[in-house]
Amino acid sequence: QVQLVESGGGLVQAGASLRLSCAASGRTFSTYAMAWFRQAPGKEREFVARINWSGGSTYYQNSVKGRFTISRDNAKNTVYLQMNSLKPEDTAVYYCAAKSADSATYNSWGQGTQVTVSS
């Protein structure tokens, strides 16, 4: 498994942008599918976006399509989430997750980074 550390969260106004980063340990990062999830207060954790091992395939939750972009740099063992046109409903703790090639589920998680969007 990889160890994941998120960064880049903060407090911004509606309409602003943020870029989250997730740094992974280990030499096998490039073999992992990666994803971002989020959890708002009082709500269950929900899927935001995912990217395959090469970066050639991505998928987004409908509410963030056209506003968020997931990407990865395998040379830097890092996955990113560029968030534009942020809305108050994007407020949540954002988690990075990794899924190894032999797993059906995401089996490594970061500690989360808080994103707060004020209106």
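Just so you know, these numbers come straight off a predicted model, no measurement behind them.

The rules we used
- Residues numbered from 1 in each chain as written.
- Predicted model: local features only at pLDDT ≥ 70, side-chain atom pairs only at ≥ 80, totals over all residues.
- Heavy atoms only, no water.
- Pairing = 2+ DSSP bridges.
- Helix = DSSP H or I, 4+ residues; strand = E, 2+ residues; numbered from the N terminus.
- Salt bridge = Lys/Arg side-chain N within 4 Å of Asp/Glu carboxyl O.
- Axes fitted to C-alpha atoms, helices over the stretch in contact; angles between N-to-C directions.
- Core = buried A, V, L, I, M, F, W, Y, C linked by side-chain atoms within 4.5 Å.
- Buried < 20%, exposed > 50% of the residue type's maximum accessible area, 1.4 Å probe, protein only.
- Contact = heavy atoms within 4.5 Å.
- Disulfide = S-S within 2.5 Å.
- Phe/Tyr/Trp six-rings, centres within 6.5 Å; stacked < 30°, edge-to-face > 60°.

## Considerations on the pairing of strand β5 (residues 46–51)
Inference 1: For strand β4 (residues 33–39) and β5, the ladder comprises five bridges, and the chain directions are antiparallel. Across the sheet, the residue bridging to Trp36 is Ala49, located in β5.
Inference 2: Following β4, the chain reverses through six residues before pairing antiparallel with β5; Gly42 in that reversal takes a positive phi of roughly 75°.
Inference 3: Examined bridge by bridge, β5 and strand β6 (residues 58–60) share three bridges and lie antiparallel to one another. Its bridge partner being in β6, Arg50 is matched across the sheet by Tyr59.

## Focus: the pattern of salt bridges
Inference 1: Taken as a whole, this structure holds three salt bridges when the rule is applied.
Inference 2: Between Glu46 and Arg38 there is a salt bridge; the shortest N-O distance is 2.6 Å.
Inference 3: Between Arg38 and Asp90 there is a salt bridge, with its nearest N and O atoms 3.0 Å apart. Of this pair, Arg38 sits in strand β4 while Asp90 sits in the loop between β8 (78–83) and β9 (92–99); the two residues are 52 residues apart in sequence, bridging distant segments of the chain.
Inference 4: Connected through salt bridges with shared partners, the residues Arg38, Glu46, Arg67 and Asp90 form a single ionic network.

## Considering the sheet that holds strand β1 (residues 4–7)
Inference 1: Strands sit in the order β1-β3-β8-β7 across an open sheet of four strands; the sheet is antiparallel. The open sheet has two edge strands with one neighbour each: β1 and β7 (68–73). Averaged over all pairs of adjacent strands, the angle between strand axes in this sheet comes to 15°, irrespective of strand direction.
Inference 2: In this sheet, strand β3 (residues 18–24) lies alongside β1 in antiparallel orientation, the contact comprising four bridges. Opposite Ser7, over in β3, you have Ser21 as the bridge partner.

## Here we look at the nonpolar core
Inference 1: Among the nonpolar cores identified, the biggest contains 29 residues, and Met34, Trp36, Val79, Leu81, Met83 and Tyr94 are the most heavily contacted of them.
Inference 2: The set of elements that each furnish at least two residues to this core consists of β3, β4, β5, β7, β8, β9 and β11 (113–118).
Inference 3: The residues contacting Leu81, other than those within four sequence positions of it, are Leu18, Arg19, Leu20, Trp36, Val48, Ala49, Phe68, Thr69, Ile70 and Tyr94.

## A short note on the state of the cysteines
In protein chemistry, a disulfide is the covalent bond that joins the sulfur atoms of two cysteines.
Inference 1: What the rule picks out here adds up to one disulfide.
Inference 2: Here Cys22 engages in a disulfide with Cys96; their sulfurs sit 2.1 Å apart. Handedness here is read from the sign of the S-S torsion; for Cys22 and Cys96, about -80°, the answer is left-handed. Of the two residues, Cys22 is situated in strand β3 and Cys96 in strand β9; the sequence distance between them amounts to 74 residues.

## Let's talk about the packing of aromatic side chains
Aromatic ring pairs are defined here through the distance separating the ring centres and the angle between the ring planes.
Inference 1: In total, this model carries four aromatic pairs according to the counting rule given.
Inference 2: Ring plane angle 80° and centroid distance 5.8 Å describe the contact between Phe37 and Phe47, whose orientation is recorded as edge-to-face. With Phe37 in strand β4 and Phe47 in strand β5, this residue pair connects regions lying ten residues apart in the sequence.
Inference 3: Its relative accessible area of 12% is what places Phe37 among the buried residues.
Inference 4: For Phe47, a relative accessible area of 22% translates into the label partly exposed.
Inference 5: Centroid distance Phe37 to Trp109: 4.9 Å. Interplanar angle 55°. Geometry classified as tilted. Taken together, the residues Phe37 in strand β4 and Trp109 in strand β10 (residues 108–109) connect sequence positions 72 residues apart.

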